[in-house]
Each structure stands twice: as C-alpha cells, then as structure tokens.
Amino acid sequence: MMAAACARTLSKVARLVLDTPTCRVTNAAALVPRFSMRCQGRAYGTGGAGFRSRALLAAPTRGSGRVLGCAFLLGGGFGLYQTVKLTLQRHHADEKSNAPELGTDLKLTLYQYKTCPFCSKVRAFLDYHGLPYEIVEVNPVMRQEIKWSTYRKVPILMVNGTLQLNDSSVIISVLKTYLVSREKTMSEILTCYPEMKAKNDSGKDVIEFGNKYWVMVRDADADHLYPGKDNRKEEIKWRKWADEWLVHLISPNVYRTPTEALASFDYIVREGKFGTFEGFFAKYFGAAAMWIISKRLKNKHHLQDDVRQDLYKAVNDWVSAIGKNKKFMGGDQPNLADLAVFGVLRVMEGLQAYEDMMEHTKVKNWYRRMEKATQRES
C-alpha cells in the first residue's frame, strides 16, 4: 500500500510538471540541454554542493519541463521498485525467522563407510531433516579414523565434538527425539537407550541397545507424531524389519555372481577410502571372497537359490504395506521406517541388483519420492 501511494503521488507531480508551459526560444541550440562536468567541492551525493548541471540551473527552455517530468517518473518508478523490494525482503525474513531451525545448535560428524547400508540410513535421516553434518570416511581395513573409539563399528556420530552416538537405529531415534522435544539434552536422551552386552546366534559377544526403535517423547508429542492408532507400532515393526531382514538380502544379491561381485567391489573401492595396494587387493581378492561368503549367507538366512526372488518379495511386501492411498509409510511425509528402508536399498544404486529391483518390483514410484524427499541441498 505504501508503494502504491508513493507511485500515485509521484505520477501526479510528474503530470503537473509535464503540463507546465515552456518558454519560447528563438535559438535552436537551446533545445539541447547543456551540462557542465565541472565539480564544485567534494560532495557528490543527492542534495550536496558537488555535481551540478547548468541545464537544471538555467532558465527554463522548451523540453526542460519534459526532462524534469521524465526525471520524476523515473524517480517514482525507481522508488516503487525499491519499496516493493524492501517489502519482499522483510516478508522473506519474517518467514525465515518463523520457520523451525532444527538442529542449528548441533555440530555433527559422521564416521562411515559410504557403501554401508547402516551408514546410508543415517545419511538419509540427516538429509531429510536438513541437518548439516561433516563426513569422515573410514578406511575399512585399518580403521585408523576411529582408533580413539572403543566401539569399533560404523556409523558413529559425534555431536558437538563430545557426545558419541553408536548404532544407526540409536542415532536416528536419539536425534528424532531431540528434534521433536527440546526438553532434554542429547546426553539425557541417550540414557533412554542403554548399552547391553549380549550373544548373537553364533555365540559371539555383541553390544545391543535397549529401546533403540523408540522415539522417546511425551504423549502430546507422540499423538502429533503418530496421529493414527497403529502408526507408531508400524514404524517400529518396519524399522526392525529393515535391520533384521532387508539388510541381509543386500550382500547375497550384490555378490550373487563373480561378475556382480567384481562390479560391487569396484564401486566399493572407488567410493571408499583405500590405499592403492589396499584397493587392488580389495577389488579382486575381496570380490572373490565375498562371492564365496554370499553363498554361506544365502544358507544362513534360508534364501532361495535365486536370491533375487527374496529381494523382489521383500520389496513388494514393503510397497504393499504402504498401500495404494499413501505416498509413504508415514503418509504424506516419510517416517523413520521409510528412511530406514530407503537407506538400505540405496546402497545398491549403480549395480545390477538395483536395476533388476527397479524393473521387477513395484518400488520405483515410492523410491523416486524418497530420492526427492532426501535430496541434500548443496
């Protein structure tokens, strides 16, 4: 409104000037304004004693009124432009100040293997929530980058250089809890996920974490986060499914044949942090070893002879669980189960297993939506 009023006033002034009678002249040279470029003093600003034009100081001539009118019009237009520009800048500033600044107080450093599905899960979560983070790629042979840690797996997420978060599902649950409810510090939230020693199916000592699939928020926040009756139950169910079943289908599929195993390790070496000798050794000997190991994994997890069929079934089960009327498991927006499943499947990109999955399952539309939702701003 201020801009419109300013423009109307300036237009009226300009019309008055343009309608003002000009003096009759007899010298044609007077039709051309004559300007002096001599500067008097040092001031060059508007209203100063510096730059002055003889044409503006001289007696009116034909055309001088129109020149002055044009000046008013140009000045009015410029003033209108500046006013609108300033108004829009203030509007955008207000919008920005009203937007939630999630995690702006966090300095996050992710220690990872790029091709690890568990690390990919964490990146998917961080990217979706717009949390800035630094990446430290860990050498999978020497692991010197995490020699300071008694926990020897990745991912590891360091928060503000002091707090260490281990296990991909714990990292995601802790961060989500913190983003939803700021009543507790990150350290206080971490105590809700106690570290426990256990034995796996092979009798080997392992570290597990209690409550790792739970987002620890108040009932009021939980009602907002999980509006449907079974939303929370379904999110936990499919997060566990991603960790306990889907992730075990990756290796048997990407190392299914010697050719696929070699292509997979070529990708791993290219994207990972290997020395020249380590890279050569990993690519050829690692590929051969993992092709053999993949056969053992197939038997361990009771997979079909054609492991692709297990992958196809798992992916189609996931798509069926989402249903035809929802974009994501979380509804219109991805939930933690969406991010977990996407993170696991994403590590196959560029490999034959990924191409086959896209061609022989119904996952493509959901997957493309997840790619867009987790696209990281550069």
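Fair warning: this is a prediction, and the values are worked out from it, not measured in the lab.

Draft legend 1. Examining a nonpolar patch on the surface more closely. A cluster of nonpolar side chains, namely L262, F277, F280, F281, Y284 and F285, defines an oily patch on the protein surface of about 680 Å² accessible area. In terms of residues, the nonpolar patch owes the most to one element, helix α11 (residues 276–300), which gives five residues. Along the polypeptide, F280 turns up in helix α11.

Draft legend 2. Geometry of the side chain of H129. Mapped onto the elements of the fold, H129 is located in the loop between α4 (117–128) and β2 (133–137). Overall, H129 belongs to the buried group, its relative accessible area being 13%. Not counting chain neighbours up to four residues away, the residues in contact with H129 comprise K176, L179 and L339.

Draft legend 3. Spatial organisation of the packing of aromatic side chains. Within this structure, the stated rule accounts for 13 aromatic pairs. Measuring from centroid to centroid gives 4.8 Å for W238 and W241, while their planes differ by 75 degrees, and the two rings are edge-to-face. Taken together, the positions of W238 and W241, both in helix α8 (residues 231–244) and three residues apart, correspond to about one turn of that helix. Each member of the pair, W238 together with W241, is buried. Here the aromatic rings of F342 and Y367 are separated by 5.0 Å at their centres, their planes lie at 55 degrees, and the arrangement is tilted. Here F342, found in helix α13 (residues 336–346), pairs with Y367, found in helix α15 (residues 364–373); they are 25 residues apart in sequence, far enough to count as distant. The buried category is assigned to F342, whose relative accessible area is 1%. Classification of Y367 by relative accessible area gives buried; the value is 0%. Geometry around F328 places R369 over its ring, the cationic atom sitting 6.0 Å from the centre.

Draft legend 4. Region of the structure containing the nonpolar core. F125, W318, L345, M348 and W366 are the most contacted members of the largest nonpolar core, which totals 83 residues. A total of eight residues in this core trace back to one element, the largest contributor, which is α13. Residues within four places of F125 in sequence aside, it is in contact with L131, I172, L175, K176, L179, L336 and L339.

Draft legend 5. Inspection of the sheet that holds strand β1 (residues 108–112) at higher detail. A sheet is described by the order of its strands in space; here four strands give the open sequence β2-β1-β3-β4, paired in mixed fashion. Each edge of the open sheet carries a strand with a single partner, namely β2 and β4 (163–166). Sheet twist, expressed as the mean angle between neighbouring strand axes with direction ignored, is 20 degrees. Against the sheet, helix α5 (residues 168–180) contacts β3 (156–159) and β4, and its axis sits at roughly 125 degrees relative to β4.

Draft legend 6. Region of the structure containing unusual backbone geometry. For the peptide bond that leads from V154 to P155, omega is 5 degrees, which places it in the cis range. Along the chain, P155 turns up in the loop between β2 and β3. Even without being glycine, R143 reaches a positive phi, approximately 55 degrees. Residue position: R143 is located in the loop between β2 and β3. Within the chain, D167 stands out as a residue other than glycine whose phi angle is a positive 75 degrees. Structurally, the position occupied by D167 is in the loop between β4 and α5. The exposure class assigned to D167 is buried, which follows from its relative accessible area of 14%.

Draft legend 7. Summary view of the packing of α4 against α5. α5 packs onto α4 with a crossing angle of 15 degrees between their chain directions and a minimal axis gap of 9 Å. When the interaxial angle is binned, α4 and α5 end up roughly parallel. Classified by chirality, the crossing of α5 by α4 is right-handed. For the pair α4 and α5, contact is made by F118, K121, V122, F125 and L126 and by S168, S169, I171, I172, L175, K176 and L179, respectively. Of the residues assigned to the contact of α4 with α5, the class counts are eight nonpolar, two polar and two charged.

Draft legend 8. Examining the confidence of the model for the protein more closely. Mean pLDDT over the protein stands at 79; residues scoring 70 or higher make up 72%. Within the model, pLDDT remains below 50 along residues 1–101, and this stretch shows 48 contacts once partners closer than five positions in the same chain are excluded.

Draft legend 9. Focus on the pattern of salt bridges. Summed over all chains, the structure comprises 19 salt bridges. Note that D243 is salt-bridged to K121, the shortest N-O span being 2.6 Å. Remark: K121 occurs in helix α4 and D243 occurs in helix α8; sequence separation between them is 122 residues. A residue is classified by how much of its surface remains accessible, and D243, at 10% relative accessible area, is buried. When its relative accessible area of 2% is taken as the criterion, K121 is described as buried. Note that K298 is salt-bridged to D305, the shortest N-O span being 4.0 Å. The class of K298 is buried, set by a relative accessible area of 15%.

Rules of the game
- Residues numbered from 1 in each chain as written.
- Predicted model: local features only at pLDDT ≥ 70, side-chain atom pairs only at ≥ 80, totals over all residues.
- Heavy atoms only, no water.
- Patch = residues over 30% accessible without salt bridge, like charges linked within 9 Å, V, L, I, M, F, W, Y side chains within 5 Å.
- Areas by Shrake-Rupley, 256 points an atom, 1.4 Å probe, with all protein chains shown as cover.
- Salt bridge = Lys/Arg side-chain N within 4 Å of Asp/Glu carboxyl O.
- Helix = DSSP H or I, 4+ residues; strand = E, 2+ residues; numbered from the N terminus.
- Buried < 20%, exposed > 50% of the residue type's maximum accessible area, 1.4 Å probe, protein only.
- Contact = heavy atoms within 4.5 Å.
- Phe/Tyr/Trp six-rings, centres within 6.5 Å; stacked < 30°, edge-to-face > 60°.
- Lys NZ or Arg CZ within 6 Å of the ring centre and 35° of its normal.
- Core = buried A, V, L, I, M, F, W, Y, C linked by side-chain atoms within 4.5 Å.
- Pairing = 2+ DSSP bridges.
- Axes fitted to C-alpha atoms, helices over the stretch in contact; angles between N-to-C directions.
- Parallel < 35°, antiparallel > 145°, perpendicular 65-115°, else oblique.
- Left-handed = near helix turned anticlockwise from the far one by under 90°.
- Nonpolar A, V, L, I, M, F, W, Y, C, P; charged D, E, K, R; others polar.
- pLDDT = per-residue confidence, 0-100.

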